[in-house]
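If you want the building blocks of each chain, they are given just below.
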Amino acid sequence: MLFDLKPKEDTKDFFNYVEELNSFVNSLKDVSCRMIVVSGLRRVGKSSLLRVGLKKSGAKFILIDVRELSFIGRKSFEAKLLEELKTLKGFSSLLEKIEAIEAGVRISLKNEDSLWPLLKKINPVIAVDEVQMLKGTGVESFFAAVYDNTSCKIVLTGSEIGVLDAFLGKNEPKAPL
């Protein structure tokens, strides 16, 4: 629906940012591009650009809107990321390999229930909306580790430009990102 106030998810509902959308999708497909930052004032269409672009690119992705987390911190963020990661095709294909489950038996997937092995195996696009709300939680170091140790792409959006710049460590040589 064109005049719905919620972020758009389909290209048919998204307008006026065609050039930005194409640039975003091309960046998602570019193997040399590892991190994308989308910034701008509130209510200008960042979330819509993010959602439509992720869908249009056809990439496996995890999208987390930080405003939806009840407790904002590194552990809650990583738990949400793991929860979302388990819904991707790459993880569900592991579950398909289980032939039978018998009563009283615990099923384990050889360390696949931790975040890092799954990230390395599935390599999704990790998209985080309103990431500046995670400033000071230690998630900055997590993203730096993802960037350095996986093939995942990272997409971060934020509307509080100064806080977003501080989160990213702009002009801070010792910052994780």
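Further up the page is the structure itself.
The shown structure was predicted, so the numbers you read here are calculated from the model rather than taken from an experiment.

Trainee: I'm lost on the packing of helix 5 (residues 115–122) against helix 6 (residues 139–149) in this one. Help?
Mentor: What describes two packed helices is the angle between their axes and the distance between those same axes. Here helix 5 crosses helix 6 at 45°, and the two axes come no closer than 11 Å. The angle between helix 5 and helix 6 places the two elements in the oblique class. The two elements helix 5 and helix 6 cross, and the hand of that crossing is right-handed. In contact with Leu 115, Trp 116, Leu 119 and Lys 120 of helix 5, helix 6 contributes Phe 142, Ala 145, Val 146 and Asn 149. Of the residues in the contact of helix 5 with helix 6, the class split is 6 nonpolar, 1 polar and 1 charged.

Trainee: Got a minute to help me understand the pairing of strand 4 (residues 153–158) in this structure?
Mentor: Every other side chain in a regular strand lies on the same face of the sheet, so the side chains alternate between the two faces. Extensive coverage of strand 4 is indicated by the burial of 6 of its 6 residues. Of the two faces of strand 4, the one holding Lys 153, Val 155 and Thr 157 and the one holding Ile 154, Leu 156 and Gly 158 are both buried throughout. Relative to strand 4, strand 1 (residues 35–39) is paired through 5 bridges, and the arrangement is parallel. Across the sheet, Met 35 pairs through a bridge with Ile 154, a residue of strand 4. Bridge count between strand 3 (residues 125–129) and strand 4: 4 bridges; the pairing is parallel.

Trainee: Sorry if this is basic, but what is going on with the nonpolar core here?
Mentor: Most often, soluble globular proteins keep nonpolar side chains buried together rather than apart. Among the nonpolar cores identified, the biggest contains 27 residues, and Phe 77, Val 128, Phe 142 and Phe 143 are the most heavily contacted of them. The set of elements that each furnish at least two residues to this core consists of strand 2 (61–65), helix 3 (74–85), helix 5, strand 3, helix 6, strand 4 and helix 7 (161–168). Phe 14, Leu 21, Cys 33 and Val 38 belong to the second-largest nonpolar core, a separate cluster that totals 15 residues.

Criteria and cut-off values
Residues numbered from 1 in each chain as written. Predicted model: local features only at pLDDT ≥ 70, side-chain atom pairs only at ≥ 80, totals over all residues. Heavy atoms only, no water. Axes fitted to C-alpha atoms, helices over the stretch in contact; angles between N-to-C directions. Helix = DSSP H or I, 4+ residues; strand = E, 2+ residues; numbered from the N terminus. Parallel < 35°, antiparallel > 145°, perpendicular 65-115°, else oblique. Left-handed = near helix turned anticlockwise from the far one by under 90°. Contact = heavy atoms within 4.5 Å. Nonpolar A, V, L, I, M, F, W, Y, C, P; charged D, E, K, R; others polar. Buried < 20%, exposed > 50% of the residue type's maximum accessible area, 1.4 Å probe, protein only. Pairing = 2+ DSSP bridges. Core = buried A, V, L, I, M, F, W, Y, C linked by side-chain atoms within 4.5 Å.

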